[in-house]
Amino acid sequence: MHDREIETSEQQIQRLSAEVAALQSELEETNQGVLALYAELDVQAEQLRQASDLKSRFLSYMSHEFRTPLGSILSIARLLTDELDGPLSEEQHRQVEFITSSARELNEMVSDLLDLAKIEAGRISISPAWFDMLDLFAALRGMFRPIVDSKSVDLILEEPADFPRLYTDDKKLAQILRNFISNALKFTESGSVRVTAQLHGDDHVRFCVTDTGIGIPHELQHTLFEDFAQVDSPLQKKLRGTGLGLSLCKRFAELLGGEVGMESEPGRGSSFHVTVPKRLEEVRQDA
């Protein structure tokens, strides 16, 4: 009886040893498969990185190449408008204005693509400096005066009184506000566009651009700050753009240590805001 039990135990040990050996072989095959998968993923990641780099380089190169002919078109249109080579008829003035407007729109698209390429390539530089809020609002007012004069929309810039100076990149901040104001004017056929600034907490400032335009459907609001996002509306079909403006606003705001946001009601208008620190942190500059 004892010998039979020993024989049974030996058989069990042999069977368990065989199962362990089979399991080890299976694990080795699995490990080899995982390693092969990791190697394939590394190759694909490198291919994606190269593709992204090529896309950024292509966008940057083409954007620079477009700027030269666009500059020439705008310069020639300006010479025609100034009538340096002789007077123009009313219809000719209208046609030259159409050329100028189209060239400016294309120039804005090219600038957006160039900014996107620079950001993705990590070549956007932040240059903070102290500046007064009144100077920022004055620059925005001068920039949009020609556009507002030709529209039935009031652009109201409420300069904050006794506001502290800010230490950040005023050019990037101005670019964000320019995009907000430009979009508001495009989608507001009558009424007003109002720009305000106020303290937000102890260390931040919030700029708001509020309009009385067409508003944005709720189901589209969560995608507005993504690349190439555009609102599908009859008015949008009459306006050209890359759909990059708000995406760039979000990226610039993050570079300034801030954030963007919006609220909107269809048919009642929209409000876009950017919140940035009053003083840009040194660590943010390094980043």
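The structure we're discussing is the one just above.
Overview of the structure.

Thresholds, definitions, all that
Residues numbered from 1 in each chain as written. Predicted model: local features only at pLDDT ≥ 70, side-chain atom pairs only at ≥ 80, totals over all residues. Heavy atoms only, no water. Helix = DSSP H or I, 4+ residues; strand = E, 2+ residues; numbered from the N terminus. Buried < 20%, exposed > 50% of the residue type's maximum accessible area, 1.4 Å probe, protein only. Contact = heavy atoms within 4.5 Å. Core = buried A, V, L, I, M, F, W, Y, C linked by side-chain atoms within 4.5 Å. Salt bridge = Lys/Arg side-chain N within 4 Å of Asp/Glu carboxyl O. Expected span 1.5 Å × (residues − 1). Bend = angle between axes of the 7 residues up to and from the residue.

Considering the overall build of the chain
- The helix and strand tally for the chain stands at eight helices and seven strands.
- The proportion of buried residues among the 287 residues of the chain is 34%.
- Look at the contacts in the chain between residues 6 or more apart in sequence, and 73% of them connect residues 24 or more apart.

Some points on the nonpolar core
- M133, L136, F180, F207 and V274 are the most contacted members of the largest nonpolar core, which has 46 residues in total.
- Broken down by element, this core gets its largest block of residues, eight residues, from helix α4 (residues 170-186).
- Setting aside its immediate chain neighbours within four residues, F207 contacts M133, L136, F137, L166, L173, L177, T196, A197, F272, H273, V274 and V276.

A closer look at the side chain of T100
- You can see T100 is positioned in helix α2 (residues 90-120).
- Relative accessible area serves as the criterion here: at 9%, T100 is assigned to the buried category.
- Not counting chain neighbours up to four residues away, the residues in contact with T100 comprise L74 and A77.

What to know about the pattern of salt bridges
- All chains considered together, the criterion is met by five salt bridges.
- Between E91 and R94 there is a salt bridge, with its nearest N and O atoms 2.6 Å apart. Taken together, the positions of E91 and R94, both in helix α2 and three residues apart, correspond to about one turn of that helix.
- Between E159 and R141 there is a salt bridge whose closest N-O contact spans 2.6 Å. Note that E159 is positioned in the loop between β2 (153-157) and β3 (166-168) and R141 in helix α3 (residues 133-149), a separation of 18 residues in sequence.
- According to the relative accessible area criterion, E159 is partly exposed, its value standing at 34%.

Some remarks on helix α7 (residues 245-255)
- Taken residue by residue, α7 has G245, L246, S247, L248, C249, F252 and A253 as its buried positions.
- If you follow the buried residues of α7, they end up packed against α2, α4, β6 (259-265) and β7 (269-277).
- Directly after α7, the chain includes G257, whose backbone phi takes a positive value near 80°.

What to know about unusual backbone geometry
- Despite not being glycine, E83 shows a phi value in the positive range, around 55°.
- Accessibility expressed as a relative area gives 32% for E83, which makes it partly exposed.
- The backbone of D162 shows a phi angle near 55°, a positive value even though the residue is not glycine.
- Mapped onto the elements of the fold, D162 is located in the loop between β2 and β3.
- When its relative accessible area of 81% is taken as the criterion, D162 is described as exposed.

Quick notes on α3
- Taking 1.5 Å as the rise per residue, α3 with 17 residues should run 24 Å; its terminal C-alpha atoms sit 24 Å apart, in good agreement.
- Maximal helix bending in α3 amounts to about 35°, located at M143; proline P146 follows within four positions.
- If you check which residues of α3 are buried, you get M133, L136, F137, L140, F144 and V148.
- Where the residues of α3 are buried, they touch β1 (129-131), β2, β3, α4, β4 (191-200) and β5 (204-211).

Focus: the environment of R268
- By the element assignment, R268 lies in the loop between β6 and β7.
- For the pair R268 and T212, spaced 56 residues apart in sequence, the C-alpha separation works out to 5.9 Å.
- Contacts of R268, omitting those with residues within four sequence positions, involve D211, T212, G213 and I214.

These figures capture arrangement, not role.
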